[in-house]
Structure formats: C-alpha cells, structure tokens
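Single-letter residue listing:
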Amino acid sequence: MYLIFAGVLVGALTRVLRRAADEPSALRILNRAAVAIPALAVTAIVVANVWFSVIPLFGIDDSGTYIWPFPFGSVDFQVEPAG
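The rules behind each value
Residues numbered from 1 in each chain as written. Predicted model: local features only at pLDDT ≥ 70, side-chain atom pairs only at ≥ 80, totals over all residues. Heavy atoms only, no water. Core = buried A, V, L, I, M, F, W, Y, C linked by side-chain atoms within 4.5 Å. Buried < 20%, exposed > 50% of the residue type's maximum accessible area, 1.4 Å probe, protein only. Helix = DSSP H or I, 4+ residues; strand = E, 2+ residues; numbered from the N terminus. Contact = heavy atoms within 4.5 Å. Patch = residues over 30% accessible without salt bridge, like charges linked within 9 Å, V, L, I, M, F, W, Y side chains within 5 Å. Areas by Shrake-Rupley, 256 points an atom, 1.4 Å probe, with all protein chains shown as cover. Salt bridge = Lys/Arg side-chain N within 4 Å of Asp/Glu carboxyl O. Lys, Arg positive; Asp, Glu negative; His and termini not counted. Charge placed at Lys NZ, Arg CZ, Asp CG, Glu CD.

J.: Which parts of the structure should I look at to understand the nonpolar core?
T.: Residues Ala-12, Val-16, Ala-26, Ile-29 and Ala-33 constitute the largest nonpolar core, which totals five residues. Secondary structure elements with two or more residues in this core: α1 (2-19) and α2 (23-53). Once residues lying within four places of it in the same chain are set aside, the contact partners of Ala-26 are Val-16 and Ala-20.

Written out as structure tokens, the structure reads:
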C-alpha cells in the first residue's frame, strides 16, 4: 500500500509539473490526490477485514477446499483429535 500511495503522489506531482497551466489547476490535481490516498487506505482496510472474516474458525474437518486470505503466503492446516 505504501508503494501505491507513493505512486499516487508521484503521479500527481508529475502531472502538476507537466500539465498544470496555473495555480488553481495544480491545486485541483493535488487535492484529488489528497482525497485518493485516504480513500485507498479505507478501501484496503475494509477489504482486509472482510477477507479475514471469511476465515472459517469452527466446523473445519480434514476434507474440503478452503480459501485463505493470504495471497502472498501459504497456510499449513492440520487437524488433530482433541485430548
């Protein structure tokens, strides 16, 4: 997410330097970036919370396919008898 935030900021600054003809247009571009960064952060938080809520906590047996919310990791899942 930090790389995405930095990309939005650098993109906005590059756009200001190349295309802004006056101060109001430059401020408009920067204000849009200032709104986009927190909106992306809130969206990422909501997606992460929904994704983590999908993890089954009860009723898991040793068969079936489970989709875990870790796109860049792996999960080793073992079921052992209680006691």
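Once you've had a look at it, read on.
J.: Honestly, a positive patch on the surface in this entry has me stumped. Any pointers?
T.: There is a patch of like positive charges on the surface, built from Arg-15, Arg-18, Arg-19, Arg-28 and Arg-32. Sort the elements by how many residues they give to the positive patch and α1 lands first, with three residues. Of note, Arg-15 is situated in helix α1.

J.: I tried to follow the environment of Ala-6 on my own but got confused; where do I start?
T.: As for its placement among the helices and strands, Ala-6 is situated in helix α1. Sequence separation between Ala-6 and Ile-37 is 31 residues; the distance between their C-alpha atoms is 9.1 Å.

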